[in-house]
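Residue-level structure breakdown
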Amino acid sequence: MSTEVEKWVEEQAKLVKPDKIYWCNGTNEEARELLKIGMTKEKIGNHYTFYELNQKEYPNSYLHRSHPSDVARVEHLTFVNQPTKEMAGPNNNWMDPEEAKSMLYKLFDGAMKGRTMYVLPYTMGLPDSPYSKNCIQITDSVYVAVSMKIMTRMSTEVIKKIGNSTDFVKGLHSVGELSPEKRYIMHFPQESLVMSIGSGYGGNALLGKKCFSLRIASQLAYKENWLAEHMIVAGIEEPDGKITYITGAFPSACGKTNLAMMSPSIKGYKLWTLGDDIAWINFGPDKKLYAINPEAGFFGVAPDTCYKTNPNMMDTLKADKFLPTLYTNTALDPKTNTPWWEGMERDNPRPKRLLDWQGNEFDFADNKKAAHPNSRFTVSIYNAPTLSKEVDNPQGVPISAILFGSRRSRTIPLVLESFDWNHGVFCAATMGSETTAAAAHKVGVIRRDPFAMLPFCGYNMADYFKHWINIGSQMPNPPKIFMVNWFRVDENGKFIWPGFRENIRVMKWIIDRVHGRVKAKETPIGFEPYIEDLDCSGLSITDIEKERLFKIDTQAWEHELEEIKAFFNKFGDKLPQELWKQYDSLKSRLKK
Ligand code: GTP
Ligand code: SPV
Ligand code: MN
């Protein structure tokens, strides 16, 4: 008798009609075999899926060039098909689930003809954690199979654990024709099912990542009283050895990985990495919040990563460990056979010759980028020199502060502490950020991105806001909530704050506040540091610049209020009254 997993896989095979079915076991040997297939058999357009890089300088590293039309998440083709449109909310694209499925069945029919279907058994979270989830993804891409091996915990044990239960997360993925016209990423939260066709890229295709661990999991979390968030998890060690754990949400390409891997510029401080993109946060037995990272790898933005900005990530990439490291859509230095991207010239002179992210000769006079702005690396978290010793703790780490960061040139100060939990929820719910290349849309325009979750919340965000308010009300001493913004600019459009390793100065203040060591200045928008409490020793930042990092531009805030109002109105009566109350208080504080 076949198990539920076998039955489901058989059903999908009947639909997509592959030549072969291969069940992955998640071993390193298997990853090597898959890489070989990608270097000698599987092609995208006219080049092979994988290309071997300089193994001495970049051990176990491979370059992958995606289809040129398939380089980022596609939010307009991503749907959350809840039973009703209202349940999906104004924050999601929605289709009637049955209608969506009949459309998808047509697209998936025979999609794997002539191809191999890979079955990937994996868990999100440590296999023995009470918070982990068992998942099965089907794919016809070796790039996706190897990426999932790096990003998740893949093993045949998962199949044994599922046994004959129906309780597993299902992902059906095919690259289809890689055509944007036939591309859909569709979620069916009621069935813990994701169906994705037409893209082989990152968040569109690695279905354990954004699709399950955020869109589907956020809805599970809502029902089960926990949180699934687009957050880093890290510990900050002070000179006396005390470690304080934080989580932090920043929109895509706004600084999570860099913060999660920071090499602090202040002596005696250390940062310990637990996660750079997703946090699952649960109440512990002591009714405090504990965070785990459900992933096992980084899928990080390549441009600007270098020894000057993020030495720990460079060491992670070059570490000689067991698992392969992938580079997607970076440029290539053909002389040394090493990956290259914009920002690396801060460490070493730019090579005289480069192949761009599509493999064409790069013309420096062209004023274009050699690496795609959303080019990325995929690397095991276990390569990181900053790996926290708590990384394999199934319970996770206790959280003392929650950060929300955005990319704002004017309104939001360098750092701000909320007055209380609900004010923090309001600040997070009204976050705006300049858009980036992580998704296919116009880059650099401000959009509301509440909790950095706009593209990832799998249900009505009004209910999500209420859920956050409820979570806070269950704790006598909830974690403190902070807003940060590394991206304020001067009149020439230059970032005022040096950022990266220097962000430890902000973290230091945050930790001092958590432990009640410093006072803070009350402003209409929240608590700010007294300027002498922000440790800027050794930085060449002037007092005028410091002031500018915190200046409250009343005109900009008036405009902000209008925008927030329009945003809140989208949710109609569903928006929690607590948030309108916060809105009114902010308005009257700003008037005074
Ligand atoms: P996703 O993987 O898309 O979720 O992105 P992320 O939030 O992990 O962003 P990441 O840390 O990869 O940074 C994205 C971009 O922001 C890169 O180009 C970084 O160089 C830049 N960046 C990160 N931190 C800072 C900072 O402190 N200051 C400045 N100016 N830029 C930063
Ligand atoms: C993001 O866009 O937030 C990412 C990359 O982390 S992706 O996996 O494509 O979602
Ligand atoms: Mn992300």
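To be clear, the structure that these remarks concern was listed above.
Everything in this summary refers to the structure shown in the same document. From a predicted model like this one, the values you see are computed outputs, not experimental measurements.

Taken in spatial order, the four strands make up an open sheet running E13-E17-E18-E24, and their pairing is antiparallel. Each edge of the open sheet is held by one strand with a lone partner, namely strand E13 (227-229) and strand E24 (397-398). Strands E13 and strand E17 (279-283) of the sheet are contacted by helix H8 (residues 208-224), whose axis makes an angle of about 160 degrees with E13. Along the sheet face, helix H12 (residues 461-473) touches E13, E17 and strand E18 (289-292) and points at about 120 degrees away from the line of E13.

Glancing now at the site of ligand 1. The immediate surroundings of ligand 1 are formed by 22 residues, with Ala253, Lys256, Thr257, Arg376 and Phe500 found nearest. At 3.2 Å, a side-chain N or O of Arg407 approaches an oxygen atom of ligand 1. A distance of 3.0 Å is found between an oxygen atom of ligand 1 and a side-chain nitrogen or oxygen belonging to Asn503. In isolation ligand 1 has 660 Å² of accessible area, and contact with the protein removes 93% of it. Put simply, the parts of the chain that give the shell around ligand 1 at least two residues each are helix H9 (256-260) and strand E19 (297-301).

Take the coordination of the manganese ion (ligand 3) next. Ligation of the manganese ion (ligand 3) by protein atoms is provided by Lys210 (NZ), His230 (NE2) and Asp277 (OD), these donors lying 2.1 to 2.6 Å from the ion. In this structure, the manganese ion (ligand 3) is coordinated by six donor atoms arranged in irregular fashion, with angles at the metal of 64 to 171 degrees. In terms of primary sequence, the donors binding the manganese ion (ligand 3) are separated according to K-x19-H-x46-D. Remark: Asp277 occurs in the loop between strand E16 (270-275) and E17 and His230 occurs in the loop between E13 and strand E14 (231-237); sequence separation between them is 47 residues. Here His230 and Asp277 have matching classes, each one buried.

Attention shifts here to the packing of aromatic side chains. Evaluation of the coordinates by the stated rule reveals 29 aromatic pairs. When the centroid spacing of 6.3 Å and the interplanar angle of 40 degrees are considered together, the rings of Phe567 and Phe568 count as tilted. Each member of the pair Phe567 and Phe568 is classed as buried. Directly above the ring of Phe188 sits Lys101, whose terminal nitrogen or CZ lies 5.2 Å from the centroid.

Next up on the list: the nonpolar core. Buried together is how nonpolar side chains tend to be arranged in soluble globular proteins. Ranked by internal contacts, the top residues of the largest apolar core, which has 97 residues, are Trp280, Phe404, Trp421, Phe451, Tyr464, Phe465 and Trp468. Sorting elements by how many residues they give to this core places helix H5 (residues 142-151) first, with eight residues. The two domains that each donate at least three residues to this core are domain 1 (3-43 + 74-224) and domain 2 (229-296 + 390-591). Not counting residues up to four positions away in its chain, the partners in contact with Phe451 are Ala249, Phe404, Val425, Ala428, Ala429, Met431, Tyr464, Phe465 and Trp468. Ala260, Met507, Ile511 and Ala520 belong to the second-largest nonpolar core, a separate cluster that totals 37 residues.

Once that is clear, we can look at the pattern of salt bridges. Applying the stated criterion across every chain yields a total of 35 salt bridges. A salt bridge links Glu75 to Arg447, with the shortest nitrogen-to-oxygen separation between them at 2.9 Å. Here Glu75, found in the loop between strand E5 (61-64) and strand E6 (78-80), pairs with Arg447, found in strand E28 (residues 446-448); they are 372 residues apart in sequence, far enough to count as distant. A residue is classified by how much of its surface remains accessible, and Arg447, at 21% relative accessible area, is partly exposed. One salt bridge in this structure joins Glu361 and Arg353, with 2.8 Å as the shortest N-O distance.

The environment of ligand 2 is formed by Arg73, Gly202, Gly203, Lys209, Lys210, His230, Ser252, Asp277, Phe299, Arg376, Ala438 and Phe456. At 3.3 Å from an oxygen atom of ligand 2 is found a side-chain nitrogen or oxygen belonging to His230. The protein chains hide 98% of the 290 Å² of surface that ligand 2 would expose on its own. Sorting the residues of the shell around ligand 2 by element identifies helix H7 (202-205) and H8 as the ones contributing at least two each. For the shell around ligand 2, the class distribution of residues is three nonpolar, four polar and five charged. Two domains each donate at least three residues to the shell around ligand 2, and these are domain 1 (3-43 + 74-224) and domain 2 (229-296 + 390-591).

Conventions and cut-offs
Residues numbered from 1 in each chain as written. Chains lettered and ligands numbered in written order. Predicted model: local features only at pLDDT ≥ 70, side-chain atom pairs only at ≥ 80, totals over all residues. Heavy atoms only, no water. Pairing = 2+ DSSP bridges. Helix = DSSP H or I, 4+ residues; strand = E, 2+ residues; numbered from the N terminus. Contact = heavy atoms within 4.5 Å. Axes fitted to C-alpha atoms, helices over the stretch in contact; angles between N-to-C directions. Near = heavy atom within 4 Å. Polar contact = N/O pair within 3.5 Å; in protein donor to acceptor, adjacent residues only side chain to side chain. Areas by Shrake-Rupley, 256 points an atom, 1.4 Å probe, with all protein chains shown as cover. Donors = N, O, S within 2.8 Å, 3.2 Å for Na, K, Ca; no water. Tetrahedral: all angles 85-135°; square planar, octahedral: opposite > 155°, others 65-115°. Buried < 20%, exposed > 50% of the residue type's maximum accessible area, 1.4 Å probe, protein only. Phe/Tyr/Trp six-rings, centres within 6.5 Å; stacked < 30°, edge-to-face > 60°. Lys NZ or Arg CZ within 6 Å of the ring centre and 35° of its normal. Core = buried A, V, L, I, M, F, W, Y, C linked by side-chain atoms within 4.5 Å. Domains from an automatic or database assignment. Salt bridge = Lys/Arg side-chain N within 4 Å of Asp/Glu carboxyl O. Nonpolar A, V, L, I, M, F, W, Y, C, P; charged D, E, K, R; others polar.

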